[in-house]
Structure formats: structure tokens, C-alpha cells
Amino acid sequence: MLLLPIFNTFVLVFTLVTTSNSNPAQVVQKWDQNACTLVVCGPAQNGLPGNDGKDGPKGEKGDQGLRGIPGLPGKDGSPGPKGDIGAEGPKGDCGGRGKQSLTMYCTSVFFLAWIFINGNSAGEKTFQANGSEGDFETSKATCSQASGLIASPRNSAENSAIQQIVVRHNKAAYIGINDIQTEGSFKYLNGEAIGYSNWAPGEPNNVGGIEDCVEVYPDGRWNDKSCNEKRLIICEFLSP
């Protein structure tokens, strides 16, 4: 609190003089230097703290405010752990075969039905082709992938079945016979010497010294030919 200077000393003396012979009471005023001092103070810079209002009556409850705008979606969480492998489904039926040969049998039957659309049977063999061509190695690989072998006639009936396919497609075809290992000694792919042949007149003649494979003409006759030429691919399969 800031004290202001004392400018004057005011002494107010009230004396009530009562005399029996005098007029009613008189008020006598005079200055006295020894009277109490009245100190005049300036206004306070900071007053005492007022009440916090806790004791006052509660106001009425206000209306509910408007709902805020939804915030932006948060970032995606980390991916969860990989789930367990599901149980294997039941195997389908395929002609009532045993479980051991079921997979192989179904694969060969349905694969052949899809790829090889033209075929002939002879004895225990079925010969089929889809019109595709390839050199000797490609022909062997194609038939192997189909779970078969390149056509290898061992008698006239099988040769006739192959001939009919050649005529149908009007393309000569390789057969699984060659003399790659020993010139003039024609063998099947398994190394067995051939026991049946149907060579065209004057064949085999190994023209240019490079004719190590055998092709079948539309008339069913055989001709030795270079293994790098492209010919109709005919595969053979054991009849189911």
C-alpha cells in the first residue's frame, strides 16, 4: 500500500460545555498539534482476493452442443500374422481307380482329351496328334510332357493307325526310330533294334550323311530324314 504524505493534522475537539448560567451547549472547535494523526492512504495496487464464487447458486444446465465433425481416418495398421494352411479338400472321383494311380490316370486322360483331339487305336496303343509340329527332339519332349512317347510302330496295325493321322493332317510325321548312335542300325528310343519296318523303295539312303531320323509318308512308307526338320508330332499312349 502506498502512503501519501501528510499535509495537515486535523484535530477535531468537541467539547460540550455545560454551565448552569449559560446558554445551551456550545460546540467549540480548535486545532491541537498533539491530537491523533489521520493518515490518508492512496488506492491499493492489488486488492485482496475476492470470493471464488463457489458459494454462489449454480446456474442452469446449458443445452447440448452440436456434434463435432468426424476426424480423418487413421493410418492402416500393420498386417496380421499369416494364417494357418487350410485343410486339404477331398479328391474328386475319376473312373473309380485306386488312390495310387488316381493322380497319374486323371492327369493323362484329361490332358489328352484337351490337347490331342484326333487319335487312332491299335492293340494296346492309342496314337494322337493335335496338328502341332516340331523337330525330332521337340517331338520327343512334347510327347513326354503328355506322359506318352513319340509314335513308334512295331507292326503293320500300329503303322496303319499312324498313317491315318498323317493323311488326316496331310503332314509327314517323325516316328521313334533312328540310327543316331550307329549309322544304318535303326533302333527304338529304348535302344532296342527294330523288328518291323516299312521303308519306301530305295530307303534308307542317308542323303548327305545327315539323315538319322525316320518319317512316315501319307502312304505309310518310311523315309530316313534329317532330325532338324519340322514334322507333325504324333504321340502314343497305352490304352486305359
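Structure report, in brief.

Quick notes on the rules
Residues numbered from 1 in each chain as written. Predicted model: local features only at pLDDT ≥ 70, side-chain atom pairs only at ≥ 80, totals over all residues. Heavy atoms only, no water. Helix = DSSP H or I, 4+ residues; strand = E, 2+ residues; numbered from the N terminus. Buried < 20%, exposed > 50% of the residue type's maximum accessible area, 1.4 Å probe, protein only. Contact = heavy atoms within 4.5 Å. Areas by Shrake-Rupley, 256 points an atom, 1.4 Å probe, with all protein chains shown as cover. Disulfide = S-S within 2.5 Å. Pairing = 2+ DSSP bridges. Expected span 1.5 Å × (residues − 1). Arc of directions from axis to C-beta. Polar contact = N/O pair within 3.5 Å; in protein donor to acceptor, adjacent residues only side chain to side chain.

**As for the overall build of the protein**
A tally of regular secondary structure across the protein gives 3 helices and 12 strands. Here the protein, with 240 residues, has 28% of them falling under the buried criterion. Taking all contacts inside the protein whose residues are at least 6 apart in sequence as the whole, residues at least 24 apart take part in 63%. Total accessible area computed for the protein in this model is approximately 17,900 Å², and 53% of it derives from carbon and sulfur atoms.

**Examining the state of the cysteines**
Per the counting criterion, the structure on display carries 2 disulfides. The partner cysteine of Cys143 in its disulfide is Cys235, sulfur to sulfur 1.9 Å. One quick way to see it: the torsion about the S-S bond of Cys143 and Cys235 is about -85°, and its sign makes the bridge left-handed. Placement of the pair is Cys143 in helix H2 (residues 136-145) and Cys235 in strand S12 (residues 235-238), with a sequence separation of 92 residues. Its relative accessible area of 0% is what places Cys143 among the buried residues. The side chain of Cys213 participates in a disulfide bridge whose partner is Cys227; the two sulfur atoms lie 1.9 Å from each other. The chirality of the disulfide connecting Cys213 with Cys227 is right-handed, given an S-S dihedral of about 100°. Residue Cys213 is found in strand S9 (residues 213-216), and its partner Cys227 is found in the loop between strand S10 (222-225) and strand S11 (231-232); the two are separated by 14 residues along the sequence.

**Some remarks on the pairing of S9**
Residue alternation in S9 divides its side chains into two sets, Cys213 and Glu215 and Val214 and Val216, and both sets are buried. Both strand S7 (residues 173-178) and S9 contribute to a ladder of 4 bridges, which runs antiparallel. What sits directly across from Ala173, in S9, is Val216. If you look at the hairpin formed by S9 and S10, you'll find 5 residues sitting between the two strands, and Gly220 has a positive phi there, around 90°.

**Structural notes on helix H3 (residues 156-169)**
When the terminal C-alpha atoms of H3 are compared, their 20 Å separation across 14 residues agrees well with the 20 Å that a helix rising 1.5 Å per residue should span. Taken together, the buried positions of H3 are Glu158, Asn159, Ala161, Ile162, Ile165, Val166 and His169. Seen end-on, H3 carries its buried residues on one side only, within an arc spanning 160°. Where H3 begins, one side-chain oxygen reaches toward the backbone nitrogen of Ala157, 3.2 Å away; that side chain belongs to Asn155. Note on H3: the residue one or two positions beyond its end, Asn170, has a positive phi of about 55°.

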